[in-house]
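# Summary of structural features
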Amino acid sequence: MDQVLNSLGLSKSNPGGFAGAWLGSGKAQTVVSPIHGEPLATVANVTPQEFDAILEKCHLAYATWKLVPAPKRGEVVKAIGDELRRHKGALAELVTLEMGKTLREGLGEVQEMIDICDFAVGLSRQMYGLTMPSERKQHRLQEQWHPLGVVGVITAFNFPVAVWSWNTALALVCGDTVLWKPSSKTPLTAIACTKIAEKVLRDFGFDPAICSLAIGRGSDIGDLINTDPRVALVSYTGSVPGGRHVGRLVQERFGRLILELGGNNAVIVSEKGDLDIALRAIYFGAIGTSGQRCTSTRRVILHESIYAAFTERLQALYRKTTIGNPRLDENLMGPLVDAGAVDTMLEAIEKVKAEGGRVLLGGERLQRPGGCYVTPCIVEVDGNIPMVKEETFAPVLYLMKYRTFEEAIALQNGVPQGLSSAIITNDQRESELFLSAAGSDCGIANVNTGTSGAEIGGAFGGEKETGGGRESGSDAWKAYMRRQTTAINFSGRVELAQGITLEL
Ligand code: NAD
């Protein structure tokens, strides 16, 4: 453990703020690993005064960073990607130690960081604007993209490093600076990433405050980010209630927003689908990251003709789940992030039982050091009963039946969230309907693959209560820039649009 911390430049006690220099004289918190309940290190929060100084430096750094040519900014992001390659193993270990996902998934998460850096390097030469035909003679109409300012990146515990990188790699090539407020449950990984960015920025001779950090409680440091006009864009990843609060505050000052909130993701399994594929996709989607992915599979909508046999097979697979230390390859499922998350899961199961849900298997707390281990749970329900409409951030999977395809789509769409969805079918008509305007209402709609495991190349995000934000690939970069429309007149006279004349 010490070796992992040392190799990433962390000590037993760490300041939680950075803007060119490390600082933090607020309350210190002890970071405890959910793997065994043992302390890893302490982190000192920043005070509101320190936060103000951090934001000021990050804002000042923007004034020069925005003037650096985008491909040069891309070189910096390339070097950050290379540093991440060097530290991949250690950073993945730290992710596992701090939030409890399996090492396999931790490695995948760091790979995602590397991938988005590569993507952003290419992007740094491709932030194209359009030109449009002007309705006026000898005029040119075009749009161009300019940097936006400081991006406040507020992240959830479950992807403690990837979400920062999705935002930061894009923000940096777009000419923005970044002020990161990570989850208080995962401050060590945030310090490690910031140290990696710090080294690269110093090596290039740039102001390291370009990638700043402020660790502290959401209710104080988070709200300072939400309300400060020096933060041009708030990119918030977290729960729906959190997003509703952040959204209101940022909107009030007309700040820009990217909201990446909770999901309630379903897989429709058609009787015409490959049930082996369905089984694997659903199993990984439901128990991966111990059900703590925003894209975790939470609902399975099964055709009534295959319901009984498929449910049997799924239960048999669940019974084989190896649960334990996520650093060991033999375990498929690690702990939940903390004992509070276990309590929330058990309470949710009681509530769903009270609403008529029938627990088929699992849903128990395991007596292990740290108290964060559970058995994954399968519950049979009659459609989207009230608890099913809520995101329980734990390995609880709801199974329900459908008769007609229209009914399956209605069940899939019948929840307030709209992040990820999938259909398992070999019937092209069904898959096309699912992908059509009459089909899934989610930001992500997959065919013959599960709800979780998005690639960085696509824009990531969801609709309805998931918040509508998009980050990562495709043209998500546009949210990090200011669009400017320009009309250039080379006619030598003044002509108004829409044929309006002004006689002088
Ligand atoms: P959370 O809402 O408890 O916390 C998220 C972040 O918000 C943390 O950094 C927290 O400190 C901060 N915060 C708290 N109060 C704040 C305030 N007043 N102002 C600003 N920030 C504040 O979420 P969590 O438990 O860490 O993560 C799980 C949730 O995140 C789930 O709902 C999950 O679906 C969602 N999530 C969504 C995505 C996505 O891309 N859609 C990705 C990962 C996680």
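Along every chain, residues carry numbers that run from 1 in the direction the sequence is written. It should be noted that, the model being predicted, local features are given only for residues of pLDDT at least 70 and side-chain atom pairs only at 80 or more, the latter also being counted only at that level, while totals for whole chains, interfaces and linings use all residues. Derived side-chain values reflect all non-hydrogen atoms in the structure, with water molecules and hydrogen atoms excluded from consideration.

## Thoughts on the side chain of Asp 228
The condition that has to hold: Secondary structure follows DSSP: runs of H or I at least 4 residues long count as helices, runs of E at least 2 residues long count as strands, and numbering of each begins at the N terminus. It only takes one pair of heavy atoms within 4.5 Å for two residues to be counted as in contact.
Examined against the element boundaries, Asp 228 turns out to sit in the loop between α8 (218-227) and β11 (231-237). Here Asp 228 is in contact with Leu 55 and Arg 253, once residues within four sequence places are set aside.

## Description of helix α4 (residues 88-99)
Because an α-helix completes one turn every 3.6 residues, residues spaced three or four positions apart along the sequence face the same direction. Quick note on the threshold: Here the expected span of a helix is defined as 1.5 Å times the quantity of residues minus one. To sort residues, take the accessible area from a 1.4 Å probe on protein chains only and compare it with the maximum for the residue type: under 20% means buried, over 50% means exposed, and anything in between is partly exposed.
Over its 12 residues, α4 extends 16 Å from the first C-alpha to the last, a length consistent with the 16 Å expected when each residue adds 1.5 Å. With nine of 12 residues buried, α4 lies mostly within the body of the structure. Regarding α4, the residues found buried are Ala 90, Leu 91, Ala 92, Leu 94, Val 95, Thr 96, Leu 97, Glu 98 and Met 99. Check the buried side of α4 and you find it contacts α1 (2-7), β4 (28-32), β5 (39-44), α3 (70-86), α5 (103-123) and α7 (187-204).

## Here's the deal with the UniProt feature "domain: Aldehyde dehydrogenase" (unreviewed entry) in the chain
To be explicit about the condition: UniProt positions are given in the numbering used here, feature names are shortened, and annotations may be inferred rather than shown by experiment.
In this structure's numbering, the residues bearing the UniProt feature "domain: Aldehyde dehydrogenase" (unreviewed entry) are residues 27-485. Here residues 27-485 is 39% helix and 21% strand, with 47 Å between the C-alpha atoms at its ends.

## Details of the packing of α4 against α7
To keep it simple, the criterion reads: Only the stretch in contact is used when a helix axis is fitted, and all axes are lines through C-alpha atoms; the angle between N-to-C directions ranges over 0 to 180 degrees. Angular relationships are summarised with four words: roughly parallel below 35 degrees, roughly antiparallel beyond 145, roughly perpendicular across 65 to 115, and oblique for the angles in between. Handedness of a crossing is defined here by the sense of rotation of the near helix relative to the far one, left-handed for an anticlockwise turn of less than a right angle and right-handed for a clockwise turn. Under the convention adopted here, Pro, Cys and the residues Ala, Val, Leu, Ile, Met, Phe, Trp and Tyr are nonpolar, Asp, Glu, Lys and Arg are charged, and Gly plus all remaining residues are polar.
Taken N-terminus to C-terminus, the directions of α4 and α7 make an angle of 160°; their axes are 9 Å apart at the nearest point. The orientation of α4 with respect to α7, classified from their angle, is roughly antiparallel. Judged by the sense of rotation from one axis to the other, the crossing of α4 with α7 is left-handed. Residues Leu 91, Leu 94, Val 95 and Glu 98 of α4 pack against Pro 187, Leu 188, Thr 189, Ala 192 and Cys 193 of α7. Residues belonging to the contact of α4 with α7 are distributed by class as follows: seven nonpolar, one polar and one charged.

## Things to note about the nonpolar core
Applicable threshold: As used in this record, nonpolar core signifies buried Ala, Val, Leu, Ile, Met, Phe, Trp, Tyr and Cys residues forming a set joined through side-chain atoms within 4.5 Å. All domain edges in this entry derive from an automatic or database-based domain assignment.
Within the largest apolar cluster, 151 residues are counted, with the highest numbers of intra-cluster contacts made by Ile 80, Leu 91, Leu 188, Ile 282, Leu 314 and Tyr 318. Per-element accounting of this core gives the leading share, 10 residues, to helix α6 (residues 162-174). Shared between two domains, this core holds at least three residues of each, these being domain 1 (2-261 + 467-484) and domain 2 (265-447). Residues within four places of Ile 282 in sequence aside, it is in contact with Val 267, Val 269, Thr 297, Val 300, Phe 310, Leu 314 and Leu 397.

## Focus on the domain arrangement of the chain
Quick reminder of the rule: Accessible surface is computed with a 1.4 Å probe, and the buried area is the amount of it that two parts give up when combined, taken over both parts together. By salt bridge we mean one thing: a side-chain nitrogen of Lys or Arg within 4 Å of a carboxyl oxygen of Asp or Glu. For the purposes of these results, a polar contact is taken to be a pair of N or O atoms within 3.5 Å, where, inside protein, one atom must be able to donate a hydrogen and its partner to accept one; residues adjacent in sequence count only when each atom of the pair is a side-chain atom.
By the assigned domains, the chain splits into domain 1 (2-261 + 467-484) and domain 2 (265-447). Contacts between the two partners involve 20 residues from domain 1 and, on the opposite side, 25 residues from domain 2. Counting each side, the surface lost to burial between domain 1 and domain 2 is near 1,800 Å², with a carbon and sulfur contribution of 56%. Of all residues in domain 1, the largest losses of buried area upon contact with domain 2 belong to Ile 35, Arg 104 and Glu 105, amounting jointly to 26% of the total for that side. One can count four salt bridges joining domain 1 with domain 2. Residues Glu 93 and Arg 327 are paired through a salt bridge, measuring 2.8 Å at the closest nitrogen-oxygen approach. Along the contact surface separating domain 1 from domain 2 lie six residue pairs in polar contact (both at pLDDT 80 or more). Secondary structure elements with two or more residues in the side of domain 1 that touches domain 2: α4 and α5. No other element matches the four residues that α4 contributes to the side of domain 1 that touches domain 2. In terms of residue class, the side of domain 1 that touches domain 2 is made up of eight nonpolar, six polar and six charged.

## A word on the UniProt feature "active site" (unreviewed entry) in the chain
The UniProt feature table records "active site" (unreviewed entry) at Glu 260. The residues contacting Glu 260, other than those within four sequence positions of it, are Tyr 236, Thr 237, Gly 238, Phe 460, Gly 461, Thr 466, Gly 469, Arg 470 and Glu 471.

## Description of the sheet that holds strand β24 (residues 481-489)
For clarity, the cut-off: Paired strands are those between which DSSP finds at least two bridges.
If you trace the three strands from one edge of the open sheet to the other, you get β6-β7-β24, paired in antiparallel fashion. Two strands in the sheet have a free side with no partner beyond their single neighbour: β6 (131-132) and β24. Relative to strand β7 (residues 139-147), β6 is paired through two bridges, and the arrangement is antiparallel. The residue bridging Thr 131 from the neighbouring strand is Gln 142, located in β7.

## Focus on the pattern of salt bridges
Working definition: two side chains of opposite charge can pair if their charged atoms are close together. In the structure shown here, the tally under the stated rule is 30 salt bridges. With a closest N to O distance of 3.3 Å, Glu 304 and Arg 403 form a salt bridge. On the criterion of sequence distance, the pair formed by Glu 304 in the loop between β14 (297-303) and α11 (307-319) and Arg 403 in the loop between β17 (396-402) and α13 (405-413) is long-range, its members being 99 residues apart. Looking at Glu 304, the relative accessible area reads 37%, which means it is partly exposed. Take Arg 403: its relative accessible area is 57%, and that puts it in the exposed class. One salt-bridge network, held together by shared partners, links Asp 52, Glu 56, Asp 228 and Arg 230.

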